[in-house]
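Residue-level listing of the chains:
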Amino acid sequence: MPQLIHLDVSELEPPEPMTIILNEVRQLQPLTAIRVCHRKRPFPLYSFLQEMGYTYHCVELGRSDLVIYIWPEGDQLLEEFCHQAASQEQPS
């Protein structure tokens, strides 16, 4: 059964969010994805994730509130799991 690790980096100043997220990605166990609460899109993070073989999906919940799901690229089960979780977070 897939699991999510929840990280909230929304109150941290750069470069702490990227450091924390990348450390967590490096330790990611099978069948586990990461859900990150952030206050802005961390564009530099995305290229690091892709180089490391991970993909992501962002959900903007408000002007300065978003959630980023991160999982290993090519893991169809985790991709579906993350997209389903993200769809439940969409603002109405």
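Considering the overall build of the protein chain
For the protein chain, the count of helices and strands is three helices and four strands. The N-to-C order of helical and strand elements in the protein chain reads β-α-β-α-β-β-α. Here the protein chain has a C-alpha radius of gyration of 12 Å; the compact-globule value for 92 residues is 12 Å, and the two agree. With the principal axes as the frame, the protein chain shows a C-alpha extent of 30 × 30 × 20 Å. Here the analysis covers contacts within the protein chain between residues at least 6 apart in sequence; of these, 60% occur between residues at least 24 apart. Accessible surface computed for the protein chain: about 5,600 Å², of which carbon and sulfur atoms make up 50%. The distance from the centre of the 6 positive side-chain charges to the centre of the 13 negative ones in the protein chain is 8 Å.

Topic: the environment of Glu 24
Within the element layout of this structure, Glu 24 appears in helix α1 (residues 16-26). With a relative accessible area of 22%, Glu 24 lands in the partly exposed category. When near neighbours in sequence (up to four residues on either side) are disregarded, Glu 24 contacts Ile 5, Leu 7 and Ile 34.

A word on the packing of α1 against helix α2 (residues 43-51)
It is the contact of α1 with α2, at a shortest axis distance of 11 Å, that shows an interaxial angle of 20 degrees. Compared by their axis directions, α1 and α2 come out roughly parallel. Classified by chirality, the crossing of α2 by α1 is right-handed. Between α1 and α2, the contacting residues are Met 18, Ile 21, Leu 22 and Val 25 on the first element and Pro 44, Leu 45, Phe 48 and Leu 49 on the second.

What counts, and at which threshold
Residues numbered from 1 in each chain as written. Predicted model: local features only at pLDDT ≥ 70, side-chain atom pairs only at ≥ 80, totals over all residues. Heavy atoms only, no water. Helix = DSSP H or I, 4+ residues; strand = E, 2+ residues; numbered from the N terminus. Rg over C-alpha atoms; globule rule 2.2 N^0.38 Å. Contact = heavy atoms within 4.5 Å. Areas by Shrake-Rupley, 256 points an atom, 1.4 Å probe, with all protein chains shown as cover. Lys, Arg positive; Asp, Glu negative; His and termini not counted. Charge placed at Lys NZ, Arg CZ, Asp CG, Glu CD. Buried < 20%, exposed > 50% of the residue type's maximum accessible area, 1.4 Å probe, protein only. Axes fitted to C-alpha atoms, helices over the stretch in contact; angles between N-to-C directions. Parallel < 35°, antiparallel > 145°, perpendicular 65-115°, else oblique. Left-handed = near helix turned anticlockwise from the far one by under 90°.

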